[in-house]
Amino acid sequence: MNIRVGLGYDVHKLCENRELILGGVNIPYEKGLLGHSDADVLVHAIMDALLGASKLGDIGVLFPDTDPKYKNISSITLLKYVKEKLDEKNIKIINIDSIIVAQRPKMRPYISKMEENISKALNISVDNINVKATTEEELGFTGSGEGISSKAVCLIEL
């Protein structure tokens, strides 16, 4: 048995006229995240953690922002594709732990649904997915409301 850990990080700028989507959940807010896809920083961090642990590159390699077919695509759809890549190599996801860093809006009401969406996309138990959220006490770009970031760590078995 070969066990590996992966770490993922993503950040996107908040802007007007975009939906705020995190963990595949559309969160009511006056701003959304700017990006080529839906800019779901949580799912992007999770994908990069899984891809890194599996030595399959990163989301920039698999889903380049220069490719029009990924324009405004759901990151949950991309996560399902990552799962297919892991399945091809018989890689088992043991668990995922993640954190969203945002001053606003409050994430607590949406976290269970985020965990469910990620669980379904990866076809693993929701008990193996953990999503947390924190603020940065009004410090830095997330604290000032300029953007949202996310970090994720995963454990896989080859």
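Structure: above.
Here goes a summary of the coordinates provided. (Residues numbered from 1 in each chain as written. Predicted model: local features only at pLDDT ≥ 70, side-chain atom pairs only at ≥ 80, totals over all residues. Heavy atoms only, no water.)

1. Observations regarding the overall build of the protein
Regarding its fold elements, the protein presents five helices and seven strands. Reading the secondary structure of the protein in the N-to-C direction produces β-β-β-β-α-α-α-β-α-β-α-β. Over its C-alpha trace the protein gives a radius of gyration of 15 Å, about what one expects of a compact globule, namely 15 Å for 158 residues. Going through the 158 residues of the protein one by one, you find that 47% of them count as buried. Here the analysis covers contacts within the protein between residues at least 6 apart in sequence; of these, 70% occur between residues at least 24 apart. The positive charge centre, built from 19 side chains, and the negative charge centre, built from 22, are 3 Å apart in the protein. (Helix = DSSP H or I, 4+ residues; strand = E, 2+ residues; numbered from the N terminus. Rg over C-alpha atoms; globule rule 2.2 N^0.38 Å. Buried < 20%, exposed > 50% of the residue type's maximum accessible area, 1.4 Å probe, protein only. Contact = heavy atoms within 4.5 Å. Lys, Arg positive; Asp, Glu negative; His and termini not counted. Charge placed at Lys NZ, Arg CZ, Asp CG, Glu CD.)

2. A short note on the pairing of strand β5 (residues 92-101)
As paired elements, β5 and strand β7 (residues 147-157) share nine bridges and run antiparallel to each other. In the strand pairing of β7, D97 is matched with V153. Sheet topology places β5 next to strand β6 (residues 129-134); six bridges connect them, and they run parallel. Counted as the bridge partner of I96 is I129 from β6. (Pairing = 2+ DSSP bridges.)

3. Section: the packing of helix α1 (residues 41-54) against helix α3 (residues 75-88)
Where α1 meets α3, the closest approach of the two axes is 10 Å, and the angle between their N-to-C directions is 15°. Regarding the angle of α1 to α3, the classification is roughly parallel. Judged by the sense of rotation from one axis to the other, the crossing of α1 with α3 is left-handed. Contacts between α1 and α3 involve V43, H44, I46, M47, L50, L51 and S54 on the former and, on the latter, S75, I76, L78, L79, V82 and L86. Grouping the constituent residues of the contact of α1 with α3 by class yields ten nonpolar, three polar and no charged. (Axes fitted to C-alpha atoms, helices over the stretch in contact; angles between N-to-C directions. Parallel < 35°, antiparallel > 145°, perpendicular 65-115°, else oblique. Left-handed = near helix turned anticlockwise from the far one by under 90°. Nonpolar A, V, L, I, M, F, W, Y, C, P; charged D, E, K, R; others polar.)

4. Details of the packing of α3 against helix α4 (residues 111-122)
Two elements in contact, α3 and α4, have axes whose closest approach is 8 Å; the angle formed by their N-to-C orientations is 40°. Judged on the interaxial angle alone, α4 and α3 are oblique. The element α3 and its partner α4 pack so that their crossing is right-handed. Listed contacts from α4 to I76, L79, K80 and K83 of α3 are N117, I118, A121 and L122.

5. Quick look at the environment of E138
Relative to the helices and strands, E138 is located in the loop between β6 and α5 (140-143). For the pair E138 and Q103, spaced 35 residues apart in sequence, the C-alpha separation works out to 6.6 Å. Beyond its immediate stretch of four places on either side in the chain, E138 contacts Q103, G143 and S144.

6. Some details on α1
Helix length check: α1 (14 residues) gives 20 Å between terminal C-alpha atoms against 20 Å at 1.5 Å per residue, within 8%. Among the 14 residues in α1, 13 count as buried, and that is most of the element. K55 sits one or two positions beyond α1 and adopts a positive phi of about 55°. (Expected span 1.5 Å × (residues − 1).)

7. As for a nonpolar patch on the surface
There is a patch of nonpolar side chains on the surface, built from V5, L7 and V153 and spanning about 290 Å² of accessible area. Of note, V5 is situated in strand β1 (residues 3-15). V5 sits in the exposed class, given a relative accessible area of 56%. (Patch = residues over 30% accessible without salt bridge, like charges linked within 9 Å, V, L, I, M, F, W, Y side chains within 5 Å. Areas by Shrake-Rupley, 256 points an atom, 1.4 Å probe, with all protein chains shown as cover. Salt bridge = Lys/Arg side-chain N within 4 Å of Asp/Glu carboxyl O.)

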